[in-house]
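Spelled out, the chains give:
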Amino acid sequence: MPLSDQEVRRREEREELEKLGINPYPAEPFEINASVENILQHYNSENQTNKAKYEDVSLAGRIMSQRIMGSASFAEIQDATGRIQLYIQRDEICPEEDKTLYNTVFKKLLDIGDIVGVRGYVFTTQTGETTIHVKSFKLLTKSLRPLPIVKEAEDEEGNMVTYDAFADPEQRYRQRYVDLIVNPQVRETFKKRTQLVNSMRSFLTDQGYMEVETPILQPLYGGAAARPFKTHHNTLDMTLYLRIANELYLKRLIVGGFDGVFEFAKDFRNEGMSRFHNPEFTQVELYVAYKDYNWMMDLVEEMVEKVAIALHGTTEVQVGKNIINFQRPWKRFTMFEAIEHYTNIDISEMNEQQLRETCKKLNIKVDDSMGKGKLIDEIFGEYGEPKLIQPTFITDYPIEMSPLAKKHRTKEGLVERFEAICNGKEICNAFSELNDPIDQRERFEEQLTLGKRGDEEAMVLDEDFLRALEYGMPPTAGLGIGIDRLSMIMTNSQSIQDVLFFPQMKPEVRKKESTDEEFVSHGVRAELVPILHKLGILNTEQFAKSSPSKLHNDICGMRKKMKLKDVKNPTKEEVAEWIEKAQQ
RNA sequence: GAAUCUGUAGCUCAGCUGGUAGAGCAACGCCCUUUUAAGGCGUGGGUCCUGGGUUCGAAUCCCAGCGGGUUCACCA
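Thresholds, definitions, all that
Residues numbered from 1 in each chain as written. Chains lettered and ligands numbered in written order. Predicted model: local features only at pLDDT ≥ 70, side-chain atom pairs only at ≥ 80, totals over all residues. Heavy atoms only, no water. Near = heavy atom within 4 Å. Polar contact = N/O pair within 3.5 Å; in protein donor to acceptor, adjacent residues only side chain to side chain. Helix = DSSP H or I, 4+ residues; strand = E, 2+ residues; numbered from the N terminus. Salt bridge = Lys/Arg side-chain N within 4 Å of Asp/Glu carboxyl O. Buried < 20%, exposed > 50% of the residue type's maximum accessible area, 1.4 Å probe, protein only. Core = buried A, V, L, I, M, F, W, Y, C linked by side-chain atoms within 4.5 Å. Contact = heavy atoms within 4.5 Å. Pairing = 2+ DSSP bridges. Axes fitted to C-alpha atoms, helices over the stretch in contact; angles between N-to-C directions. Expected span 1.5 Å × (residues − 1). Parallel < 35°, antiparallel > 145°, perpendicular 65-115°, else oblique. Left-handed = near helix turned anticlockwise from the far one by under 90°. Nonpolar A, V, L, I, M, F, W, Y, C, P; charged D, E, K, R; others polar. Phe/Tyr/Trp six-rings, centres within 6.5 Å; stacked < 30°, edge-to-face > 60°. Lys NZ or Arg CZ within 6 Å of the ring centre and 35° of its normal.

Undergrad: Would you take a moment to explain the protein's contact with RNA strand B for this structure?
TA: Neighbouring residues of RNA strand B: 46 residues in total, closest R67, Q85, T127, H277 and E457. Per the 4 Å cut-off to the protein, sugar and phosphate atoms form 47% of the nearby atoms of RNA strand B. Interatomic distance of 2.8 Å between a side-chain N/O atom of R9 and a phosphate oxygen of RNA strand B. Interatomic distance of 2.8 Å between a side-chain N/O atom of E426 and a sugar or linking oxygen of RNA strand B. Of all the elements in the fold, those that place two or more residues in the surface near RNA strand B are α1 (5-19), β1 (57-68), β2 (72-79), β3 (82-89), β6 (151-154) and α6 (169-174).

Right, here's the structure in full:
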């Protein structure tokens with residue numbers, strides 16, 4: 001694509017700077033002794049003696065606005081912590097005769113988006129704005145692309161109003177760097193996400209559990225029910241899968257004798273995308289020996305409550321229209337209780353046929369590949385899950401849908417499993433882990449049967465994992481928490497894309513561009529190539545497909561429009577010849 | 001995959017039932033030493049997503065395609 005006039009101008013400015021002996025991309029470091037946040041928070045509340053600390057501050061950031069006047073100007077710079085106003089006076093920057101640094105460099109060659117370092121002192125303007133009175137500045141990076149300009153102001157009632165917001169989701173996600181520059185609330189969301197992970201990590205580490213790493217490339221995928229991404233290793237000439245979970249590896253480590261391990265893991269699932277699903281997502285999984293799922297529920301409550309307090313200073317979090325309170329203890333329901341509560345149907349004694357009929361009665365679509373567990377899950381997913389707004393534990397799942405969980409100690413047909421549901425979505429999943437190798441083998445075999453019935457997500461049998469269990473895994477409680485989903489709740493985000501820096505997107509469509517020489521080789525005069533570009537003909541394939549008379553017309557029209565008086569129009573015959581040549 | 005909305009200047013958008021493409025911000029030039037979305041005067045900048053059709057005439061109407069959003073479906 002041809003450059004816009006603003007881009008062309010910035011490239012010219014870059015050259016101008018170099019001519020003036022100013023390197024637009026200097027190598028040496030720039031010393032910083034202050035941050036915007038620190039100055040804005042503390043300067044005004046300091047007494048006179050402490051204000052002296054702000055007499056020589058040095059900070060760096062991106063120019064976000066410029067208000068240029070005759071011999072003094074205002075600008076704003078933004079560093080990682082916020083935005084602050086600069087005041088620049090010509091005769092202070094340029095005490096000598098030569099006013100180039102102010103008149104040319106600052107006023108003409110710097111733009112919004114450029115990164116600069118400044119030194120000066122802090123003061124308060126007549127309008128009460130904390131401002132840096134600049135004594136010297138240095139260009140640190142020239143920006144060649146104009147930023148979208150977002151402005152904020154207070155309206156008459158004192159609310160912040162955003163003008164010209166950079167809000168197109170496609171551009172925001174594809175060019176997250178721009179989103180982060182111009183939308184401060186986006187930076188806040190991601191800071192919160194990192195705080196969330198940090199507070200979990202320190203909670204788990206403080207409990208004495210060990211953070212570990214396990215393979216992402218796995219010869220067999222397991223630990224969850226999902227379709228995997230498949231890849232190939234050349235040297236070993238074997239198929240490998242990107243992990244859909246790390247459960248089976250962490251349990252091997254429990255077999256190995258660690259009594260508490262956890263991993264923050266990127267997992268990959270080759271499934272549909274939606275505002276709750278991205279093909280790669282993050283989970284933390286935790287396994288603790290000698291514990292059960294009741295113990296794990298207590299841990300989840302405590303940990304998530306701590307996260308809420310770390311991020312918000314309170315257990316209450318606003319999510320959409322709801323205020324969610326993470327304060328312990330959370331409600332606990334068995335799955336059958338929850339279904340009965342919301343549908344008035346007791347399904348606890350039903351067989352597969354009866355469940356199938358119940359689903360029909362409740363308008364739930366069923367097909368033959370669904371077993372008993374899946375049917376129950378469908379009912380709960382339709383009638384229970386969406387209604388659970390406050391954090392709630394759902395316990396005791398049917399055995400068919402939980403092939404890695406231990407059979408319930410007292411209730412036939414169920415397993416010791418729970419999920420925490422919050423804002424209508426699952427945020428964690430945990431069991432008393434199945435450690436009986438014979439039982440585990442049978443469960444895998446049932447999965448194989450389901451797979452044959454057409455369930456594409458049925459689990460595969462992992463012989464090495466079974467071998468590990470045969471050596472003996474202690475009774476263990478296991479947990480998985482979806483970090484993205486929890487981040488969505490904790491940051492009041494509507495879409496998973498808002499808590500992922502770089503959500504998966506369709507590839508950007510970009511037209512191939514041919515060089516000028518390729519056009520010239522078909523007989524086109526070089527001076528006509530810019531006209532073709534302007535017409536949107538960027539490569540010779542497009543060119544070859546054009547109709548000669550239309551192209552001739554377009555070229556002549558565009559030549560006039562571009563006011564290229566010195567360029568001679570081609571004749572119709574010439575154009576036809578070029579195209580013919582291009583088609584060969 | 002389905003429904004629906006949408007594609008106009010660097011950005012945000014207006015442009016009604018067809019009649020020479022508009023605003024604000026950004027950019028460029030001039031004026032202004034503390035401004036508050038700073039202001040004033042002036043200037044430049046558009047394959048109106050693409051391709052067909054209807055028409056004397058299409059950003060606008062029709063058809064097809066492409067891109068994107070949202071919702072639904074799929075999704076432990």
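Having seen the model, we can carry on.
Undergrad: Would you explain the pattern of salt bridges in this entry?
TA: Side chains carrying opposite charge are able to pair once their charged atoms draw close together. Evaluated as defined, the whole model comprises 41 salt bridges. Taking the shortest distance from any N to any O, the salt bridge between R10 and D111 comes out at 3.9 Å. Of this pair, R10 sits in helix α1 while D111 sits in the loop between α5 (100-109) and β4 (115-124), and the two are 101 residues apart along the sequence. The two residues R10 and D111 agree in class, both being buried. A salt bridge links K99 to D91, with the shortest nitrogen-to-oxygen separation between them at 3.0 Å. Among the charged side chains, a salt-bridge network with shared partners connects R9, R10, E13, D111, D114 and K142.

Undergrad: Please explain the nonpolar core as it appears in this structure.
TA: What tends to happen in soluble globular proteins is that the nonpolar side chains get buried as a cluster. Grouped together as the largest cluster of nonpolar side chains are 41 residues, with contacts concentrated most on I347, F380 and I394. Looking at this core, the elements with two or more residues in it are α9 (247-255), β13 (280-289), α11 (335-343), α12 (352-361), α13 (372-383), β17 (392-398), β18 (414-422) and α15 (463-471). Not counting the four nearest positions on each side in its chain, I347 is found in contact with F336, I339, L355, T358 and I376. If you look at the next biggest cluster of nonpolar residues, it comprises 40 residues, including A308, L311, V319 and W330.

Undergrad: Explain the sheet that holds β4 to me, please; I cannot follow it from the model alone.
TA: Read around the closed barrel, the five strands follow the order β1-β2-β3-β5-β4; overall the barrel is mixed. Here the strands of the sheet are splayed against their neighbours by 55° on average, with no regard to which way each runs. Summarising the sheet, β1 and β2 pair through six bridges and their orientation is antiparallel. Within the sheet, the bridge partner assigned to I68 lies in β2 and is S73.

Undergrad: Sorry if this is basic, but what is going on with helix α8 (residues 184-206) here?
TA: In an α-helix there are 3.6 residues to a turn, and that puts residues three or four apart on one side. With 23 residues, α8 extends 33 Å between its outermost C-alpha atoms, agreeing within 8% with the 33 Å of an ideal straight helix rising 1.5 Å per residue. Among all positions of α8, only V186, R187, T189, F190, R193, L196, V197, S199, M200, F203 and L204 are buried.

Undergrad: Would you explain the sheet that holds strand β12 (residues 260-268) in this entry?
TA: Taken together, eight strands build an open sheet; the order of strands is β8-β12-β13-β20-β19-β18-β17-β16 and the sheet is mixed. Looking along the sheet, the strands with just one partner apiece sit at the ends: β8 (210-211) and β16 (331-334). Pairing of strand β19 (residues 425-432) with strand β20 (residues 476-482) involves five bridges; the strand directions are antiparallel. Residue pairing for β20: F431 is matched across the bridge by G478. Most of the contacts of α9 go to β13, to which it runs at about 25°, and overall it touches β12, β13, β19 and β20. Most of the contacts of helix α10 (residues 293-312) go to β20, to which it runs at about 35°, and overall it touches β13, β16, β17, β18, β19 and β20.

Undergrad: Just to check I follow, could you spell out the packing of α8 against α10 for this structure?
TA: Packed helix pairs are characterised by how far apart their axes lie and by the angle those axes make with each other. Where α8 meets α10, the axes come as close as 9 Å, and the angle between the chain directions of the two elements is 140°. For the element pair α8 / α10, the angle class is oblique. Handedness of the α8/α10 crossing: right-handed. Two secondary-structure elements touch here, α8 through K192, Q195, L196, S199, M200, F203 and L204 and α10 through L299, E302, M303, K306, V307, A310, L311 and H312.

Undergrad: Would you explain the packing of α11 against α13 in this entry?
TA: In the contact formed by α11 and α13, the axes pass within 10 Å of each other and the chain directions differ by 50°. The pairing of α11 with α13 is recorded here as oblique in orientation. Seen from above, α11 lies across α13 with left-handed handedness. Side by side, α11 and α13 meet where M335, F336, A338, I339, Y342 and T343 of the first sit next to I376, I379, F380 and Y383 of the second. Within the contact of α11 with α13, the residues separate by chemical class into nine nonpolar, one polar and no charged.

Undergrad: So what exactly am I meant to see when it comes to the environment of L242 here?
TA: Along the chain, the position of L242 falls in strand β11 (residues 238-242). A C-alpha to C-alpha distance of 36 Å links L242 and T315, two positions 73 residues apart in sequence. For L242, the residues in contact, after removing those within four places along its chain, are I216, L217, P228, F229, T231 and F268.

Undergrad: How do you make sense of the pairing of β18 when you look at a structure like this?
TA: In summary, the side chains of a regular strand alternate between the two faces of the sheet. The buried count for β18 comes to nine of nine residues, which makes it a mostly enclosed element. Going residue by residue along β18, you find L414, E416, F418, A420 and C422 tucked away on one face and V415, R417, E419 and I421 tucked away on the opposite face as well. Across six bridges, the pairing between β18 and β19 is antiparallel. Considered in β19, the bridge of A420 is made with C428. Counting the residues in the hairpin turn of β18 and β19 gives two residues, including N423, whose phi is positive at 55°.

Undergrad: Help me understand unusual backbone geometry in this model?
TA: Among all residues except glycine, the phi angle is most often negative; among peptide bonds, the trans geometry is most common. The peptide bond linking R328 to P329 adopts the cis configuration, its omega dihedral lying at -10°. One can find P329 in the loop between β15 (322-325) and β16. The phi dihedral of N423 is positive, around 55°, even though this residue is not glycine. Relative to the helices and strands, N423 is located in the loop between β18 and β19. Given a relative accessible area of 27%, N423 falls into the partly exposed group.

Undergrad: How should the packing of aromatic side chains be read in this particular structure?
TA: We describe a pair of aromatic rings using the distance from one ring centre to the other and the angle between the two ring planes. Following the criterion strictly, the structure yields 14 aromatic pairs and no others. Seen from their ring centres, F444 and F465 are 6.5 Å apart, and the 75° between their planes marks the pair as edge-to-face. Here the residue F444 occupies a position in helix α14 (residues 437-452), and F465 occupies one in helix α15, the gap between them amounting to 21 residues. Of the two residues, F444 and F465, neither departs from the other in class, the shared state being buried. Grouping aromatic residues by their ring pairs yields a cluster made of F74, Y87, Y121 and F123. Over the aromatic face of Y249 sits the side chain of R252, whose NZ or CZ is 4.5 Å from the ring centroid. The ring of Y397 has R417 lying over it, and the distance from NZ or CZ to the ring centre is 4.4 Å.

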